[in-house]
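Below, each chain spelled out in residue letters.
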Amino acid sequence: MTVERWLRLWGQGLAMLHVTRGVWGSRVRVRALSSLAAKMGEYRKMWNPTEPRDWAQQYRERFIPFSKEQLLRLLIQEFHSSPAEKEALEEFSAHLDFCTLFHYHHTLARLQCLYDPINPDRETLDQPSLTDPQRLSNEQEVLRALEPLLAQANFSPLSEDTLAYALVVHHPQDEVQVTINLDQYIYIQFWALGQRVGQIPRKSSVGSKRGFFKSPPAERRYFKRVVLAARTRRGHLVLKSFKDIPLEGLEQLLPELKVRTPTLQRALLNITLVVSGVAFFVNVGMVVLSDLKMATSLLLLLFAAFMGLRASKMFGQRRSVQALELAHMLYYRSTSNNSELLSALALRAHDEHTKEALLAHSFLARRPSGRHGGPEETSQWLQSEVENWLLSQSGCDVAFNGARAMGHLQALTPSNGMYPPPGFPKLEPSATITSPQAAPRSDNP
(Lines give C-alpha, C1' and ligand atoms only; values in the text may rest on other atoms or scores of the structure.)
Protein backbone atom coordinates (compact mmCIF):
# COMPACT_ATOMS: atom_id res chain seq x y z
CA MET A 1 0.00 0.00 0.00
CA THR A 2 1.39 3.36 -1.01
CA VAL A 3 1.68 6.25 1.41
CA GLU A 4 -0.80 8.31 -0.65
CA ARG A 5 -3.43 5.56 -0.53
CA TRP A 6 -2.90 5.06 3.21
CA LEU A 7 -3.39 8.79 3.87
CA ARG A 8 -6.55 8.79 1.74
CA LEU A 9 -8.04 5.85 3.64
CA TRP A 10 -7.03 7.41 6.97
CA GLY A 11 -8.81 10.65 6.02
CA GLN A 12 -11.93 8.72 5.00
CA GLY A 13 -11.87 6.94 8.35
CA LEU A 14 -11.70 10.27 10.21
CA ALA A 15 -14.61 11.58 8.15
CA MET A 16 -16.71 8.51 8.96
CA LEU A 17 -15.82 8.87 12.64
CA HIS A 18 -16.93 12.52 12.53
CA VAL A 19 -20.24 11.61 10.91
CA THR A 20 -20.80 8.78 13.38
CA ARG A 21 -20.22 11.12 16.30
CA GLY A 22 -22.69 13.60 14.82
CA VAL A 23 -25.35 10.93 14.33
CA TRP A 24 -24.74 9.55 17.82
CA GLY A 25 -25.07 13.02 19.33
CA SER A 26 -28.30 13.54 17.39
CA ARG A 27 -29.69 10.31 18.80
CA VAL A 28 -28.82 11.43 22.33
CA ARG A 29 -30.64 14.74 21.78
CA VAL A 30 -33.68 12.91 20.34
CA ARG A 31 -33.84 10.82 23.50
CA ALA A 32 -33.63 14.00 25.56
CA LEU A 33 -36.58 15.53 23.70
CA SER A 34 -38.44 12.25 24.15
CA SER A 35 -38.05 12.56 27.92
CA LEU A 36 -39.26 16.16 27.60
CA ALA A 37 -42.40 14.89 25.85
CA ALA A 38 -42.93 12.38 28.67
CA LYS A 39 -42.73 15.14 31.30
CA MET A 40 -45.13 17.26 29.26
CA GLY A 41 -47.58 14.35 29.44
CA GLU A 42 -47.24 14.32 33.24
CA TYR A 43 -48.08 18.03 33.45
CA ARG A 44 -51.10 17.57 31.18
CA LYS A 45 -52.51 15.13 33.74
CA MET A 46 -52.17 17.67 36.58
CA TRP A 47 -55.03 19.92 37.57
CA ASN A 48 -54.11 23.59 37.18
CA PRO A 49 -50.39 23.56 38.12
CA THR A 50 -49.10 27.02 39.12
CA GLU A 51 -45.34 26.39 39.01
CA PRO A 52 -42.88 23.60 38.15
CA ARG A 53 -42.39 20.82 40.66
CA ASP A 54 -39.86 21.67 43.39
CA TRP A 55 -39.33 25.09 41.83
CA ALA A 56 -37.42 26.47 44.85
CA GLN A 57 -34.85 23.67 44.47
CA GLN A 58 -34.74 23.81 40.66
CA TYR A 59 -34.01 27.53 40.35
CA ARG A 60 -31.73 29.63 42.57
CA GLU A 61 -31.23 33.26 41.69
CA ARG A 62 -27.54 34.16 41.32
CA PHE A 63 -27.80 37.53 39.61
CA ILE A 64 -26.68 40.49 41.77
CA PRO A 65 -29.55 42.97 41.26
CA PHE A 66 -27.41 46.11 41.27
CA SER A 67 -25.34 47.80 38.61
CA LYS A 68 -21.66 48.28 39.34
CA GLU A 69 -22.19 51.98 40.07
CA GLN A 70 -25.10 51.26 42.42
CA LEU A 71 -23.08 48.60 44.22
CA LEU A 72 -20.13 50.98 44.64
CA ARG A 73 -22.38 53.63 46.19
CA LEU A 74 -23.92 51.12 48.60
CA LEU A 75 -20.53 49.73 49.63
CA ILE A 76 -19.16 53.22 50.18
CA GLN A 77 -22.14 54.15 52.35
CA GLU A 78 -21.93 50.90 54.32
CA PHE A 79 -18.21 50.14 54.65
CA HIS A 80 -16.09 52.91 53.11
CA SER A 81 -17.53 56.15 54.44
CA SER A 82 -14.25 57.96 55.09
CA PRO A 83 -12.59 59.83 52.16
CA ALA A 84 -9.49 57.63 52.33
CA GLU A 85 -11.51 54.39 52.26
CA LYS A 86 -13.69 55.70 49.44
CA GLU A 87 -10.64 56.58 47.35
CA ALA A 88 -9.07 53.18 48.05
CA LEU A 89 -12.23 51.36 46.93
CA GLU A 90 -12.43 53.40 43.73
CA GLU A 91 -8.75 52.65 43.02
CA PHE A 92 -9.40 48.96 43.61
CA SER A 93 -12.37 49.07 41.21
CA ALA A 94 -10.22 50.66 38.50
CA HIS A 95 -7.47 48.11 39.10
CA LEU A 96 -10.03 45.31 38.91
CA ASP A 97 -11.30 46.53 35.54
CA PHE A 98 -7.73 46.77 34.24
CA CYS A 99 -6.88 43.22 35.31
CA THR A 100 -10.01 41.52 33.95
CA LEU A 101 -10.80 43.40 30.75
CA PHE A 102 -8.31 41.53 28.56
CA HIS A 103 -9.48 38.15 29.85
CA TYR A 104 -13.05 38.74 28.67
CA HIS A 105 -11.87 40.31 25.44
CA HIS A 106 -9.85 37.16 24.79
CA THR A 107 -12.82 34.94 25.72
CA LEU A 108 -15.11 36.86 23.36
CA ALA A 109 -12.58 36.64 20.51
CA ARG A 110 -12.32 32.88 20.97
CA LEU A 111 -16.11 32.50 21.00
CA GLN A 112 -16.54 34.60 17.88
CA CYS A 113 -13.88 32.53 16.12
CA LEU A 114 -15.81 29.34 16.96
CA TYR A 115 -19.14 30.85 15.96
CA ASP A 116 -18.07 32.52 12.70
CA PRO A 117 -18.35 29.40 10.45
CA ILE A 118 -22.01 28.92 11.49
CA ASN A 119 -22.97 32.59 11.89
CA PRO A 120 -26.13 33.17 9.78
CA ASP A 121 -25.58 36.96 9.90
CA ARG A 122 -21.98 36.95 8.70
CA GLU A 123 -21.22 40.02 6.59
CA THR A 124 -17.83 38.80 5.30
CA LEU A 125 -17.25 36.63 2.24
CA ASP A 126 -18.97 33.26 2.30
CA GLN A 127 -16.95 30.28 3.45
CA PRO A 128 -17.23 26.73 2.06
CA SER A 129 -20.59 25.28 3.08
CA LEU A 130 -20.65 22.78 5.93
CA THR A 131 -22.40 19.45 5.95
CA ASP A 132 -25.17 18.97 8.47
CA PRO A 133 -23.06 16.76 10.81
CA GLN A 134 -20.23 19.32 10.67
CA ARG A 135 -22.63 22.16 11.43
CA LEU A 136 -24.14 20.23 14.36
CA SER A 137 -20.66 19.52 15.72
CA ASN A 138 -19.69 23.20 15.47
CA GLU A 139 -22.90 24.26 17.18
CA GLN A 140 -22.28 21.88 20.09
CA GLU A 141 -18.73 23.21 20.42
CA VAL A 142 -20.03 26.78 20.57
CA LEU A 143 -22.60 25.86 23.24
CA ARG A 144 -19.95 24.09 25.33
CA ALA A 145 -17.71 27.16 25.14
CA LEU A 146 -20.67 29.39 25.98
CA GLU A 147 -21.61 27.59 29.22
CA PRO A 148 -18.78 29.01 31.42
CA LEU A 149 -19.57 32.53 30.19
CA LEU A 150 -23.26 32.08 31.00
CA ALA A 151 -22.34 30.73 34.44
CA GLN A 152 -20.11 33.74 35.18
CA ALA A 153 -22.87 36.05 33.90
CA ASN A 154 -25.02 34.42 36.63
CA PHE A 155 -27.55 32.91 34.23
CA SER A 156 -29.21 29.78 35.60
CA PRO A 157 -30.09 26.95 33.18
CA LEU A 158 -33.77 26.08 33.17
CA SER A 159 -34.32 22.37 33.71
CA GLU A 160 -36.19 20.02 31.41
CA ASP A 161 -39.01 19.83 33.95
CA THR A 162 -39.35 23.64 33.88
CA LEU A 163 -39.44 23.61 30.08
CA ALA A 164 -42.14 20.91 30.12
CA TYR A 165 -44.24 23.06 32.46
CA ALA A 166 -43.79 26.13 30.24
CA LEU A 167 -44.79 24.22 27.10
CA VAL A 168 -47.97 22.80 28.66
CA VAL A 169 -49.33 25.49 30.98
CA HIS A 170 -50.85 28.65 29.48
CA HIS A 171 -51.72 31.63 31.61
CA PRO A 172 -55.36 32.77 31.18
CA GLN A 173 -54.30 36.38 30.57
CA ASP A 174 -51.98 35.49 27.67
CA GLU A 175 -53.61 37.07 24.64
CA VAL A 176 -51.41 35.01 22.31
CA GLN A 177 -51.02 31.26 22.63
CA VAL A 178 -48.84 29.09 20.40
CA THR A 179 -48.18 25.44 19.81
CA ILE A 180 -45.02 23.64 18.73
CA ASN A 181 -44.11 20.25 17.34
CA LEU A 182 -41.19 18.75 19.30
CA ASP A 183 -40.31 16.52 16.34
CA GLN A 184 -39.10 19.62 14.48
CA TYR A 185 -36.39 20.39 17.07
CA ILE A 186 -32.99 18.82 17.64
CA TYR A 187 -32.26 20.63 20.91
CA ILE A 188 -33.79 23.37 23.07
CA GLN A 189 -32.09 25.11 25.99
CA PHE A 190 -33.06 28.14 28.08
CA TRP A 191 -31.08 30.18 30.62
CA ALA A 192 -32.62 32.90 32.80
CA LEU A 193 -31.75 35.49 35.42
CA GLY A 194 -33.57 38.12 37.45
CA GLN A 195 -36.64 36.18 38.62
CA ARG A 196 -39.46 38.51 39.67
CA VAL A 197 -43.04 38.04 40.86
CA GLY A 198 -45.32 40.93 39.93
CA GLN A 199 -46.94 42.68 36.98
CA ILE A 200 -44.96 42.29 33.77
CA PRO A 201 -43.89 45.62 32.25
CA ARG A 202 -45.94 46.12 29.08
CA LYS A 203 -43.96 47.41 26.12
CA SER A 204 -46.65 46.87 23.50
CA SER A 205 -50.03 48.54 23.16
CA VAL A 206 -51.37 46.14 20.54
CA GLY A 207 -54.51 44.48 21.88
CA SER A 208 -54.00 45.89 25.37
CA LYS A 209 -57.28 47.87 25.31
CA ARG A 210 -59.45 45.43 23.35
CA GLY A 211 -62.49 43.86 25.02
CA PHE A 212 -65.05 44.93 27.57
CA PHE A 213 -64.32 42.46 30.38
CA LYS A 214 -60.53 42.56 30.57
CA SER A 215 -59.30 41.94 34.10
CA PRO A 216 -56.38 43.97 35.48
CA PRO A 217 -52.89 42.47 34.91
CA ALA A 218 -52.19 39.68 37.37
CA GLU A 219 -48.97 39.15 39.28
CA ARG A 220 -46.89 36.56 37.47
CA ARG A 221 -43.49 34.91 37.71
CA TYR A 222 -41.19 36.29 35.03
CA PHE A 223 -37.50 36.77 34.25
CA LYS A 224 -35.68 39.99 33.47
CA ARG A 225 -33.46 38.22 30.93
CA VAL A 226 -33.84 34.92 29.07
CA VAL A 227 -31.31 33.37 26.67
CA LEU A 228 -32.47 30.78 24.12
CA ALA A 229 -30.41 28.26 22.15
CA ALA A 230 -32.50 26.12 19.81
CA ARG A 231 -32.03 24.23 16.57
CA THR A 232 -34.70 22.97 14.18
CA ARG A 233 -34.12 20.09 11.80
CA ARG A 234 -34.46 22.33 8.75
CA GLY A 235 -32.77 25.39 10.25
CA HIS A 236 -29.68 26.45 12.15
CA LEU A 237 -28.63 27.33 15.68
CA VAL A 238 -30.73 30.22 17.00
CA LEU A 239 -29.17 32.31 19.77
CA LYS A 240 -31.45 35.01 21.15
CA SER A 241 -31.92 37.06 24.29
CA PHE A 242 -35.19 38.53 25.58
CA LYS A 243 -36.37 40.65 28.51
CA ASP A 244 -39.41 40.50 30.83
CA ILE A 245 -40.51 37.00 29.79
CA PRO A 246 -43.11 35.13 31.92
CA LEU A 247 -42.36 31.54 32.84
CA GLU A 248 -45.45 30.29 30.99
CA GLY A 249 -44.46 32.30 27.88
CA LEU A 250 -41.15 30.62 27.10
CA GLU A 251 -42.61 28.67 24.18
CA GLN A 252 -43.48 31.95 22.43
CA LEU A 253 -39.75 32.54 21.95
CA LEU A 254 -39.10 29.34 19.99
CA PRO A 255 -38.72 29.22 16.20
CA GLU A 256 -41.09 27.16 14.04
CA LEU A 257 -44.24 27.74 16.10
CA LYS A 258 -47.89 28.16 15.18
CA VAL A 259 -50.36 30.63 16.64
CA ARG A 260 -53.47 28.98 18.06
CA THR A 261 -56.74 30.43 19.31
CA PRO A 262 -57.34 29.81 23.05
CA THR A 263 -60.26 27.56 23.99
CA LEU A 264 -62.34 30.35 25.53
CA GLN A 265 -61.95 32.59 22.48
CA ARG A 266 -62.83 29.69 20.18
CA ALA A 267 -65.99 29.10 22.22
CA LEU A 268 -66.94 32.78 22.05
CA LEU A 269 -66.36 32.87 18.28
CA ASN A 270 -68.45 29.73 17.79
CA ILE A 271 -71.29 31.13 19.88
CA THR A 272 -71.17 34.35 17.87
CA LEU A 273 -71.31 32.36 14.64
CA VAL A 274 -74.26 30.24 15.81
CA VAL A 275 -76.30 33.20 17.04
CA SER A 276 -75.66 35.29 13.92
CA GLY A 277 -76.30 32.27 11.71
CA VAL A 278 -79.63 31.47 13.32
CA ALA A 279 -80.70 35.12 13.09
CA PHE A 280 -79.68 35.27 9.43
CA PHE A 281 -81.47 32.00 8.61
CA VAL A 282 -84.71 33.11 10.34
CA ASN A 283 -84.78 36.57 8.74
CA VAL A 284 -83.45 35.78 5.26
CA GLY A 285 -83.59 32.04 4.74
CA MET A 286 -87.27 31.65 5.53
CA VAL A 287 -88.17 34.51 3.17
CA VAL A 288 -86.14 32.95 0.37
CA LEU A 289 -87.71 29.55 1.08
CA SER A 290 -91.27 30.89 0.90
CA ASP A 291 -90.96 33.47 -1.91
CA LEU A 292 -88.56 31.78 -4.31
CA LYS A 293 -89.88 28.25 -3.72
CA MET A 294 -86.30 27.00 -3.25
CA ALA A 295 -85.76 23.40 -2.17
CA THR A 296 -85.01 23.04 1.52
CA SER A 297 -81.93 20.84 0.91
CA LEU A 298 -80.43 23.40 -1.50
CA LEU A 299 -81.10 26.23 0.92
CA LEU A 300 -79.44 24.34 3.77
CA LEU A 301 -76.47 23.56 1.53
CA LEU A 302 -76.01 27.23 0.60
CA PHE A 303 -76.44 28.26 4.22
CA ALA A 304 -73.79 25.74 5.36
CA ALA A 305 -71.35 27.00 2.72
CA PHE A 306 -71.99 30.61 3.76
CA MET A 307 -71.44 29.83 7.44
CA GLY A 308 -68.27 27.86 6.64
CA LEU A 309 -66.82 30.80 4.71
CA ARG A 310 -67.78 33.19 7.50
CA ALA A 311 -66.22 30.96 10.16
CA SER A 312 -63.02 30.59 8.14
CA LYS A 313 -62.79 34.37 7.72
CA MET A 314 -63.41 35.09 11.41
CA PHE A 315 -60.87 32.56 12.67
CA GLY A 316 -58.36 33.67 10.05
CA GLN A 317 -58.70 37.30 11.09
CA ARG A 318 -58.30 36.33 14.72
CA ARG A 319 -55.12 34.38 14.01
CA SER A 320 -53.73 37.30 12.00
CA VAL A 321 -54.32 39.67 14.92
CA GLN A 322 -52.63 37.25 17.32
CA ALA A 323 -49.67 36.81 14.97
CA LEU A 324 -49.29 40.59 14.85
CA GLU A 325 -49.41 40.77 18.65
CA LEU A 326 -46.76 38.05 18.91
CA ALA A 327 -44.49 39.83 16.42
CA HIS A 328 -45.00 43.12 18.26
CA MET A 329 -44.18 41.52 21.61
CA LEU A 330 -41.01 39.89 20.27
CA TYR A 331 -39.98 43.19 18.66
CA TYR A 332 -40.09 45.05 21.97
CA ARG A 333 -38.74 42.27 24.18
CA SER A 334 -35.87 41.03 22.01
CA THR A 335 -32.51 42.41 23.17
CA SER A 336 -29.85 40.70 21.03
CA ASN A 337 -29.27 37.66 18.86
CA ASN A 338 -26.55 35.49 17.32
CA SER A 339 -23.07 37.09 17.30
CA GLU A 340 -24.28 40.25 19.06
CA LEU A 341 -25.50 38.06 21.91
CA LEU A 342 -21.96 36.74 22.44
CA SER A 343 -20.71 40.31 22.94
CA ALA A 344 -23.57 41.11 25.33
CA LEU A 345 -22.86 37.98 27.38
CA ALA A 346 -19.14 38.77 27.63
CA LEU A 347 -19.97 42.28 28.84
CA ARG A 348 -22.47 40.95 31.39
CA ALA A 349 -20.03 38.27 32.62
CA HIS A 350 -17.35 40.91 33.10
CA ASP A 351 -19.81 43.08 35.03
CA GLU A 352 -20.84 40.21 37.34
CA HIS A 353 -17.17 39.27 37.82
CA THR A 354 -16.43 42.84 38.94
CA LYS A 355 -19.39 42.99 41.33
CA GLU A 356 -18.46 39.68 42.95
CA ALA A 357 -14.87 40.81 43.46
CA LEU A 358 -15.99 44.15 44.93
CA LEU A 359 -18.26 42.40 47.41
CA ALA A 360 -15.56 39.91 48.41
CA HIS A 361 -12.99 42.72 48.82
CA SER A 362 -15.26 44.80 51.04
CA PHE A 363 -16.50 41.97 53.27
CA LEU A 364 -13.21 40.13 53.70
CA ALA A 365 -11.49 43.34 54.79
CA ARG A 366 -13.98 43.54 57.69
CA ARG A 367 -13.93 39.94 58.78
CA PRO A 368 -13.35 39.64 62.54
CA SER A 369 -9.66 39.07 63.23
CA GLY A 370 -10.31 36.05 65.45
CA ARG A 371 -12.21 34.13 62.76
CA HIS A 372 -9.39 33.35 60.32
CA GLY A 373 -9.78 29.82 59.01
CA GLY A 374 -9.27 27.67 55.96
CA PRO A 375 -10.47 28.51 52.45
CA GLU A 376 -13.69 26.51 52.77
CA GLU A 377 -14.67 28.14 56.05
CA THR A 378 -13.80 31.58 54.69
CA SER A 379 -15.82 31.10 51.52
CA GLN A 380 -18.84 29.87 53.51
CA TRP A 381 -18.63 32.88 55.83
CA LEU A 382 -18.33 35.22 52.84
CA GLN A 383 -21.30 33.59 51.09
CA SER A 384 -23.51 33.88 54.18
CA GLU A 385 -22.57 37.50 54.89
CA VAL A 386 -23.03 38.68 51.30
CA GLU A 387 -26.34 36.84 50.84
CA ASN A 388 -27.75 38.38 54.03
CA TRP A 389 -26.55 41.85 53.00
CA LEU A 390 -28.02 41.56 49.49
CA LEU A 391 -31.32 40.37 50.96
CA SER A 392 -31.49 43.37 53.29
CA GLN A 393 -30.52 45.84 50.56
CA SER A 394 -32.60 44.54 47.65
CA GLY A 395 -35.18 42.15 49.08
CA CYS A 396 -33.92 39.45 46.66
CA ASP A 397 -32.75 36.03 47.82
CA VAL A 398 -29.48 35.70 45.88
CA ALA A 399 -27.18 32.65 45.98
CA PHE A 400 -23.65 34.09 46.15
CA ASN A 401 -20.64 31.96 45.14
CA GLY A 402 -18.10 32.78 47.84
CA ALA A 403 -15.39 30.44 46.55
CA ARG A 404 -15.57 31.93 43.06
CA ALA A 405 -15.43 35.49 44.40
CA MET A 406 -12.34 34.66 46.45
CA GLY A 407 -10.81 33.14 43.34
CA HIS A 408 -11.44 36.41 41.50
CA LEU A 409 -9.42 38.27 44.14
CA GLN A 410 -6.56 35.79 44.04
CA ALA A 411 -6.37 36.00 40.24
CA LEU A 412 -5.75 39.75 40.27
CA THR A 413 -2.30 40.86 39.15
CA PRO A 414 -0.44 42.17 42.25
CA SER A 415 0.98 45.14 40.35
CA ASN A 416 0.99 47.44 43.38
CA GLY A 417 1.38 44.88 46.12
CA MET A 418 -2.14 45.41 47.48
CA TYR A 419 -4.02 42.45 46.03
CA PRO A 420 -4.68 40.01 47.49
CA PRO A 421 -4.42 41.52 50.99
CA PRO A 422 -1.92 40.11 53.49
CA GLY A 423 -3.06 36.96 55.22
CA PHE A 424 -5.56 36.08 52.49
CA PRO A 425 -6.18 32.29 52.59
CA LYS A 426 -5.01 30.33 49.56
CA LEU A 427 -7.63 28.36 47.64
CA GLU A 428 -7.16 24.98 46.05
CA PRO A 429 -7.41 25.13 42.21
CA SER A 430 -10.70 23.20 42.26
CA ALA A 431 -12.38 25.59 44.72
CA THR A 432 -13.21 28.22 42.10
CA ILE A 433 -14.51 25.83 39.47
CA THR A 434 -18.31 25.70 39.31
CA SER A 435 -18.63 23.18 36.49
CA PRO A 436 -16.32 20.98 34.41
CA GLN A 437 -16.80 23.25 31.42
CA ALA A 438 -15.87 26.31 33.45
CA ALA A 439 -12.30 25.21 34.17
CA PRO A 440 -9.95 28.14 33.43
CA ARG A 441 -7.40 27.74 30.69
CA SER A 442 -3.76 27.87 31.72
CA ASP A 443 -2.95 30.47 29.05
CA ASN A 444 -5.74 32.84 30.15
CA PRO A 445 -4.71 35.91 32.17
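What counts as what
Residues numbered from 1 in each chain as written. Predicted model: local features only at pLDDT ≥ 70, side-chain atom pairs only at ≥ 80, totals over all residues. Heavy atoms only, no water. Salt bridge = Lys/Arg side-chain N within 4 Å of Asp/Glu carboxyl O. Helix = DSSP H or I, 4+ residues; strand = E, 2+ residues; numbered from the N terminus. Buried < 20%, exposed > 50% of the residue type's maximum accessible area, 1.4 Å probe, protein only. Phe/Tyr/Trp six-rings, centres within 6.5 Å; stacked < 30°, edge-to-face > 60°. Lys NZ or Arg CZ within 6 Å of the ring centre and 35° of its normal.

Here the focus is the pattern of salt bridges. Inspection of the entire model under this criterion finds 13 salt bridges. Asp244 is the partner of Lys224 in a salt bridge, and the nearest nitrogen-oxygen pair spans 3.0 Å. In this pair, Lys224 sits in strand β4 (residues 220-232) while Asp244 sits in strand β5 (residues 237-246), placing the two residues 20 residues apart along the sequence. The exposure class of Lys224 is partly exposed, given its relative accessible area of 26%. The exposure class assigned to Asp244 is buried, which follows from its relative accessible area of 4%. Note that Arg367 and Glu377 form a salt bridge whose closest N and O atoms lie 4.0 Å from each other. Here Glu377 lies in helix α10 (residues 375-394) and Arg367 lies in the loop between α9 (339-364) and α10, a separation of ten residues in the sequence. Residue classification places Arg367 among the buried positions, given a relative accessible area of 10%.

Bringing the packing of aromatic side chains into the picture now. Here the structure, examined in full by the defined rule, presents eight aromatic pairs. With centroids separated by 5.9 Å and ring planes inclined at 75°, the aromatic side chains of Phe363 and Trp389 adopt a geometry described as edge-to-face. You can see Phe363 sitting in helix α9 and its partner Trp389 sitting in helix α10, a full 26 residues away along the chain. Accessibility classification places Phe363 together with Trp389 in one group, the buried group. Grouped by ring-pair contacts, the aromatic residues Trp55, Tyr59 and Phe223 constitute a single cluster. Above the plane of the ring of Tyr43 lies Arg53, whose end atom (NZ or CZ) is 4.7 Å from the centre. Taking the ring centre of Trp381 as reference, the NZ or CZ of Arg367 above it sits at 5.3 Å.

Remember, this is a structural readout, not a statement about activity or role.
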